[in-house]
Amino acid sequence: AIILGLESSCDETAAALVTSEREILAHALAGQEEAHRPFGGVVPEIAARAHVEVMTPLVAQVFEEAELSLSDIDAVAATAGPGLIGGVMVGLMTGKGLALAGGKPLVAVNHLEGHALSPRLADPALEFPYLLLLVSGGHCQLLLVKGVGSYERLATTIDDAAGEAFDKTAKLLGLGFPGGPAVEKAAQTGDPASVPLPRPMVGRADPHFSFAGLKSAVLRARDSGHYTPEDIAASFQAATIDCLVDRTARGLASAGDITALVVAGGVASNSAIRGALRALAERNGLPFIAPPPWLCTDNAAMIAWAGVERFAADLSDPLDIPARARWPLDADAAKARGAGV
Ligand code: ATP
Ligand code: MG
Ligand code: FE
């Protein structure tokens, strides 16, 4: 099957054509960094308008690149949430229009399911069930991925997401926007042992996360005037890694039989974080799977791939399915959704 995927839940507009044989026939992405940079963060209204401007041209572009037309595809998959509602509506409504015009099924994809299944697009050998650390701009969760549409949330953050902590740290240190890559770059020339920072939740029996205290400690370190931004960035990244590794180790202990330790989401593009999680997997005798960095940050190939997996499981959605700002991926929410379809 060939699936068109559309993504517009945050500040990336993207379209992709992906086959059930994991061939990425074409993918296109338009970021909005320039538009949001003056504000130091994503402005929802600006994001929504930018999605409107580029979504249709991106769709035309991927069809042209793949030398295909609407009649050649099997289904349209679009992110239906969670995310900034104005943006989500742009991609979902575009998807509905194309599905209606082409007489194709619509697959409404949970953006988090896109991240969660992206490792299976990257690695054909990855089988269910696997333990997934989903680390992104809005989420930090440990999920037991048991199958398509079958997710058990073992842990979540009690305050900020890991990506949010990177973004706030970058802002506090004046490193610019977007924050994650800026902090990673600054950290390369800093001393990770220079600033004493807390490791929130480390050692606790439950596997949950917390990053708000780390952000406050970064603010105090900056205001002390004793450290360079590079040293703070390196120390922050080291503390974050300690937290992610300790919490993921705790999750591994309660996950039962799994095929692999897997990481996905924008923060998973950080090479120091990937290295530390790989080492954790090796200590536990497990394969470690991380998609290539471009598949970790938002893109439409992962949405098309989630569409492939849902289409193969005979899961499609009515054209009146709503866009959702909030949409958890855990089992209870999936059940509620099934009942409503
Ligand atoms: P969500 O997926 O939770 O809805 P989102 O879609 O906005 O949120 P992603 O695009 O998946 O998030 O990830 C973006 C986040 O990843 C940002 O917080 C960004 O700072 C972070 N990030 C990107 N690259 C890196 C990096 N190299 N190191 C650390 N963090 C990074
Ligand atoms: Mg983004
Ligand atoms: Fe995302």
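Residues numbered from 1 in each chain as written. Chains lettered and ligands numbered in written order. Predicted model: local features only at pLDDT ≥ 70, side-chain atom pairs only at ≥ 80, totals over all residues.

Draft legend 1. Geometry of the overall build of the protein. Check the secondary structure of the protein and you find 12 helices and 10 strands. Taken against the 2.2 N^0.38 rule, which gives 20 Å for 341 residues, the C-alpha radius of gyration of the protein at 20 Å falls within 12% of a compact globule. Expressed as lengths along the three principal axes of its C-alpha atoms, the size of the protein is roughly 60 × 45 × 35 Å. For the protein, the proportion of its 341 residues judged to be buried stands at 53%. Considering only residue pairs separated by 6 or more positions, the protein has 74% of its internal contacts joining residues 24 or more positions apart. (Helix = DSSP H or I, 4+ residues; strand = E, 2+ residues; numbered from the N terminus. Rg over C-alpha atoms; globule rule 2.2 N^0.38 Å. Buried ≥ 20, exposed ≤ 12 C-beta atoms within 10 Å, placed from the backbone. Contact = placed C-beta atoms within 7 Å.)

Draft legend 2. Spotlight on the sheet that holds strand β9 (residues 261-264). Read from one edge to the other, the open sheet built from 5 strands follows the order β8-β7-β6-β9-β10, with strand pairing classed as mixed. Strand pairing shows two members of the sheet lacking a second neighbour, β8 (150-155) and β10 (288-289), which therefore form its edges. Across the sheet, helix α8 (residues 229-254) lies against β6 (130-135), β7 (140-147), β8 and β9, angled at about 150° from β6, the strand it touches most. (Pairing = 2+ DSSP bridges. Axes fitted to C-alpha atoms, helices over the stretch in contact; angles between N-to-C directions.)

Draft legend 3. Molecular detail of the UniProt feature "binding site: substrate" (unreviewed entry) in the protein. The feature "binding site: substrate" (unreviewed entry), as annotated in UniProt, sits at Leu 134, Val 135, Ser 136, Gly 137, Gly 138, Asp 167, Gly 180, Glu 184 and Asn 270 in this numbering. Along the chain, the position of Val 135 falls in strand β6. Taking the C-beta count within 10 Å as the criterion, Val 135 has 31 such neighbours and is therefore assigned buried. Look past the residues within four positions of Val 135 in its chain and what remains in contact with it is Cys 140, Ala 162, Gly 163, Leu 244, Val 263, Gly 265, Val 267 and Ala 268. Structurally, Asp 167 is set in helix α5 (residues 162-173). Among the residues examined, Asp 167 registers 24 C-beta atoms within 10 Å and is labelled buried. The residues touching Asp 167, leaving out its near neighbours within four places in the chain, are Gly 137, Pro 178, Gly 179 and Gly 180. (UniProt positions renumbered as here; feature names shortened; annotations may be inferred.)

Draft legend 4. Layout of the sheet that holds strand β2 (residues 12-19). Within the open sheet, the 5 strands sit side by side as β3-β2-β1-β4-β5. Their pairing is mixed. Each edge of the open sheet carries a strand with a single partner, namely β3 (24-31) and β5 (106-110). Across this sheet, the average inter-strand angle for adjacent strands is 20°, counted without regard to direction. Of the pairings in the sheet, the one linking strand β1 (residues 2-7) to β2 comprises 6 bridges and is antiparallel in character. Paired with Leu 4 across the two strands is Leu 17, which belongs to β2. Along the sheet face, helix α3 (residues 85-102) touches β1, β4 (75-81) and β5 and points at about 155° away from the line of β4. Along the sheet, helix α11 (residues 301-312) makes contact with β1, β2, β3, β4 and β5, crossing β1 at roughly 135°.

Draft legend 5. Up close: the environment of Glu 127. Topologically, Glu 127 is positioned in the loop between α4 (111-122) and β6. Linking Glu 127 and Lys 146, residues 19 residues apart in sequence, is a C-alpha distance of 9.1 Å.

Draft legend 6. Highlighting the site of ligand 1. Neighbouring ligand 1 are 25 residues, the closest being Gly 137, Gly 138, Gly 163, Gly 180 and Gly 266. Going through the elements one at a time, α4, α5 and α6 (179-187) are the ones with two or more residues in the shell around ligand 1. Looking at the shell around ligand 1, its residues break down into 5 nonpolar, 16 polar and 4 charged. (Near = placed C-beta within 6 Å. Nonpolar A, V, L, I, M, F, W, Y, C, P; charged D, E, K, R; others polar.)

Draft legend 7. Region of interest: the UniProt feature "domain: Gcp-like" (unreviewed entry) in the protein. Sequence positions flagged by UniProt for "domain: Gcp-like" (unreviewed entry) are, in local numbering, residues 23-305. The span residues 23-305 is 49% helix and 16% strand, and its two end C-alpha atoms sit 10 Å from each other.

Draft legend 8. Structural view of the nonpolar core. Among the nonpolar cores identified, the biggest contains 110 residues, and Ala 77 and Ala 304 are the most heavily contacted of them. With 9 residues, the top contributor of residues to this core is α8. (Core = buried A, V, L, I, M, F, W, Y, C linked by C-beta atoms within 7 Å.)

Draft legend 9. Up close: the packing of α6 against α8. In contact at an axis separation of 7 Å, α6 and α8 are set at 110° when each is read in the N-to-C sense. Taken together, the axes of α6 and α8 are roughly perpendicular relative to one another. Contacts between α6 and α8 involve Val 183, Glu 184, Ala 186 and Ala 187 from the former and Pro 229, Glu 230, Ala 233, Ala 234, Phe 236 and Gln 237 from the latter. Tallied by class, residues from the contact of α6 with α8 come to 7 nonpolar, 1 polar and 2 charged. (Parallel < 35°, antiparallel > 145°, perpendicular 65-115°, else oblique.)

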